[in-house]
Amino acid sequence: MERKCMNLPFLILMQTSKAIHDRIKEEMAKNKLSITEFSVLEVLYQKGKQTIQQIGNCILVSSGSMTYVIDKLEQRGLLSRNACPDDRRVIHLTLTDVGNELMNEIMVKYHEIVNQMFKSLDSDEAETLVHLLKKVRNKV
């Protein structure tokens, strides 16, 4: 007997999230980046210097996975680790010049893709969608 999800809003939300994720993953692959790698770079691009824990909290990735991703990005010269002068236990991450250049290029295309995905919504629909998603999120 086949079991079906009886909560249609949940099902549609998950399917939409996967479709968006897959489209962004496809675009990032052109830059030889995984979604997680892109997410780390995006946090640093948007927020500047961050700790590993701060980035992990933003993108919901465990610190163990973060170390592997950060090692790969550092090897490619896209970010650098810097010891915190006030606390030796803390490592700050920043984009390198090469990382910034790559993100300047990627973010243009990324914004085009996101805008394309949501262009079928008028401003009232977009506002309603945001309101409804926040309503669900705040119940969790």
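All figures in this text were calculated on a predicted structure; none of them were measured in a lab.

K.L.:
Please clarify how the nonpolar core should be interpreted in this entry.
P.N.:
General note: in soluble globular proteins, nonpolar side chains tend to be found buried as a group. Of all hydrophobic cores here, the largest spans 25 residues; its most connected members are L33, V40, L41, I55, L73 and L79. If you list the elements that add at least two residues to this core, you get α1 (8–29), α2 (35–47), α3 (52–59), α4 (63–75), β3 (91–95) and α5 (97–118). It is α2 that contributes the most residues to this core, six residues altogether. Residues in contact with L79, not counting those within four places in the same chain, are V40, L41, L44, I70, L73, E74, L93, T94, L95 and T96.

K.L.:
Honestly, the packing of α2 against α3 in this entry has me stumped. Any pointers?
P.N.:
Between α2 and α3, the shortest axis-to-axis distance is 10 Å and the interhelical angle comes to 115°. Between α2 and α3, the angle is such that the two are roughly perpendicular. Crossing of α2 against α3: the hand is right-handed. Across from T36, S39, V40, V43, L44 and K47 in α2, the residues of α3 making contact are I55, C58 and I59. Partitioned by chemical class, the residues of the contact of α2 with α3 number six nonpolar, two polar and one charged.

K.L.:
Looking at this model, I keep getting lost on the pairing of β3. Mind explaining?
P.N.:
Look at any regular strand and the pattern is simple: side chains alternate between the two faces of the sheet. Both strand β1 (residues 50–51) and β3 contribute to a ladder of two bridges, which runs antiparallel. Residue pairing in the sheet places T51 in a bridge with H92 of β3. As judged from the five bridges shared by strand β2 (residues 79–83) and β3, these two strands associate in the antiparallel manner. When the sheet's bridge partners are listed, L79 is paired in β3 with L95.

K.L.:
Hey, could you run me through α5 in this one?
P.N.:
Three- or four-residue spacings in an α-helix give side chains the same orientation, since the helix completes a turn every 3.6 residues. Between the first and last C-alpha of α5 there are 31 Å, a value that for 22 residues agrees with the 32 Å anticipated at 1.5 Å per step. The largest bend in α5 amounts to roughly 25° and is located at I106. Here α5 has its buried residues at G99, L102, M103, I106, M107, Y110 and I113. The secondary structure elements touched by the buried residues of α5 are α1, α2 and β3.

K.L.:
Where do I start with the sheet that holds β3 in this structure?
P.N.:
Two pairing modes exist for strands in a sheet, parallel and antiparallel, and in both the strands are linked by backbone hydrogen bonds. On the basis of which strands lie adjacent, the open sheet formed by three strands has the order β1-β3-β2 and antiparallel pairing. In the strand order of this sheet, the two ends are held by β1 and β2, each with one partner.

K.L.:
Looking at this model, I keep getting lost on α1. Mind explaining?
P.N.:
A rise of 1.5 Å per residue sets the reference length of α1, with its 22 residues, at 32 Å; its end C-alpha atoms lie 31 Å apart and thus fit the reference within 8%. Of the residues making up α1, those classed as buried are I24, E27 and M28. The buried residues of α1 occupy an angular sector of 100° when projected down its axis, which confines them to one face. When the buried face of α1 is taken as reference, the exposed residues oriented beyond 90 degrees from it are L8 and K18. Contact partners of the buried residues in α1: α2 and α5.

Rules and cut-offs
Residues numbered from 1 in each chain as written. Predicted model: local features only at pLDDT ≥ 70, side-chain atom pairs only at ≥ 80, totals over all residues. Heavy atoms only, no water. Core = buried A, V, L, I, M, F, W, Y, C linked by side-chain atoms within 4.5 Å. Buried < 20%, exposed > 50% of the residue type's maximum accessible area, 1.4 Å probe, protein only. Helix = DSSP H or I, 4+ residues; strand = E, 2+ residues; numbered from the N terminus. Contact = heavy atoms within 4.5 Å. Axes fitted to C-alpha atoms, helices over the stretch in contact; angles between N-to-C directions. Parallel < 35°, antiparallel > 145°, perpendicular 65-115°, else oblique. Left-handed = near helix turned anticlockwise from the far one by under 90°. Nonpolar A, V, L, I, M, F, W, Y, C, P; charged D, E, K, R; others polar. Pairing = 2+ DSSP bridges. Expected span 1.5 Å × (residues − 1). Bend = angle between axes of the 7 residues up to and from the residue. Arc of directions from axis to C-beta.

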